[in-house]
Amino acid sequence: MQRRLLLTALGLASLLANPAHAAEPLKIGLVLPMSGPFADYGKQIERGVRLYIAANGDTVAGRKIELIIKDDSPGTAGDVSKRLAQELVVKDKVDVLAGFGLTPAALAVAPIATEAKKPMVVMNAATSIITARSPYIVRTSHTLAQVSAPIASWAAKNKIKTVYTLVADYGPGHDAEGQFKKTFTAAGGEVVGEVRVPVKNPDFAPYLQRIKDTKPDAVFLFLPPGAETIAFMKGFADRGMAQAGIRIIGTGDLTDEDILDALGEPALGAITAFHYAQSHKSAENAAYTAAYAKAYPKERPNFMSVAGYDGMHVIFEAIKKTGGSADADKFIEAAKGLSWVSPRGKIMIDPATRDIVQTVYIRKVESVSGKLQNIEFDSMPDVKDPGKP
Ligand code: PHB
């Protein structure tokens, strides 16, 4: 009896001395563009994060989830993202850093994750190199190389012999251009022209004219979804380039559901490779899109929202496996090799790279009951990022 009492007292003492596991909230600091040109990235990711909590509860391993969102608008200024991440670590004392809409933000914050020893869950930024910049990074989105190789293979097999590439002039654009060219030329295709355009406000007119004059079978595109994508598509249509026999191919960022309605008719027939489509047919996606529609009836779920949702799954599962500890080394060990069925299909965190392994689908933009959708018609399972050094 006495021994039992003593054990109970000891148990209580250790709980009091080490309350982190039982009582302390789990603070997740989200660095996201919530205003400015890329505000939709932050909003989509936040919706995915909140939907995961709504579906799975707000407590994991006894710790209540607390979200702290910092707006790093415009999302392309690394110094802004870095200062906010520092604030999250030092002032807010977050346990986990997450979010990251664009590559410059993720690259700028990676050294903070390493120095402060915080797990960093990348929910969008998609340049291959990012995960190599800190041992504490895990990514639940995609990489441009991962989705560019499949569209290059598809093009080479489907009578597209010459391609003009047009990409945004920064990390993900360079990755998309490099991987597309590598895979396409290895399969016998020819890149007959390439151009890199400013990330913001490029004037597409001269590029479009040059492409039209070159008469490639297709133009391959990567632009971060937004006003630029819409401007490109409009210019393409206005110049009658489809009628001139030029097709549009790209990574699915191009026909993202968040901008698809705004792209309108010119997007019809575009072929892209991507890991998520709102129209993806599975029980998991039916549940996801229904929950999304109920919570956000005016919006459409896109790949960013799903990466936010899956990023929360990594956090929940890793914290369960560590018994409530957010220690960066333990967290990352727990995250390595996690596999589950996401709304996008079966996915896994590659234990070697901490990057995502997933099915890449080939899709075509079609009008379904009056709404533009990316309709999947082919797929490659278990695609790893081919862009790792
Ligand atoms: C990025 O900046 O890494 C980025 C942005 C938008 C995308 C993909 C990647 O659709």
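### Thoughts on the packing of helix H3 (residues 78-90) against helix H4 (residues 103-116)
Each pair of packed helices gets described by two things: the angle between the helix axes and the distance between those axes. Packing of H3 against H4 leaves a shortest axis separation of 7 Å and a crossing angle of 30°. When the axes of H3 and H4 are compared, the pair comes out roughly parallel. As for the relative orientation of H3 and H4, their crossing is right-handed in sense. Judged by residue contacts, Gly 78, Ser 81, Lys 82, Ala 85, Gln 86 and Val 89 of H3 engage Pro 104, Ala 105, Ala 108, Val 109, Ile 112 and Ala 116 from H4. Partitioned by chemical class, the residues of the contact of H3 with H4 number eight nonpolar, three polar and one charged.

### Remarks on unusual backbone geometry
Omega for the peptide link from Ser 73 to Pro 74 comes to 5°, which places this bond in the cis form. Phi angles above zero are rare outside glycine, and Ser 369 is one such case at about 50°. Tracing the backbone shows Ser 369 in the loop between strand E14 (356-368) and strand E15 (371-383).

### Describing the domain arrangement of the protein chain
By convention, interface size is frequently given as the accessible area that disappears when the constituent parts associate. Domain annotation of the protein chain identifies domain 1 (26-142 + 282-354) and domain 2 (145-274 + 361-383). One C-alpha centre belongs to domain 1, the other to domain 2, and the line joining them spans 27 Å. Contacts between domain 1 and domain 2 engage 21 residues on the former and 23 residues on the latter. Overall, the association of domain 1 and domain 2 removes approximately 1700 Å² of surface from exposure, summing both partners, and the carbon and sulfur fraction of that is 51%. Sorting the residues of domain 1 by area buried against domain 2 places His 142, Arg 300 and Phe 303 first, and these three jointly supply 39% of that buried surface. Counting every contact that joins domain 1 to domain 2 gives two salt bridges. Note that Arg 300 is salt-bridged to Asp 261, the shortest N-O span being 2.8 Å. Taken together, the links from domain 1 to domain 2 amount to 10 residue pairs in polar contact (both at pLDDT 80 or more). The set of elements that each furnish at least two residues to the side of domain 1 that touches domain 2 consists of helix H2 (39-56), H4, helix H11 (303-321) and strand E13 (345-349). If one sorts the elements of the side of domain 1 that touches domain 2 by residue count, H2 sits on top with three residues. Partitioning the side of domain 1 that touches domain 2 into residue classes produces nine nonpolar, eight polar and four charged.

Conventions we followed
Residues numbered from 1 in each chain as written. Predicted model: local features only at pLDDT ≥ 70, side-chain atom pairs only at ≥ 80, totals over all residues. Heavy atoms only, no water. Axes fitted to C-alpha atoms, helices over the stretch in contact; angles between N-to-C directions. Helix = DSSP H or I, 4+ residues; strand = E, 2+ residues; numbered from the N terminus. Parallel < 35°, antiparallel > 145°, perpendicular 65-115°, else oblique. Left-handed = near helix turned anticlockwise from the far one by under 90°. Contact = heavy atoms within 4.5 Å. Nonpolar A, V, L, I, M, F, W, Y, C, P; charged D, E, K, R; others polar. Domains from an automatic or database assignment. Buried area = accessible area lost by both parts, 1.4 Å probe. Salt bridge = Lys/Arg side-chain N within 4 Å of Asp/Glu carboxyl O. Polar contact = N/O pair within 3.5 Å; in protein donor to acceptor, adjacent residues only side chain to side chain.

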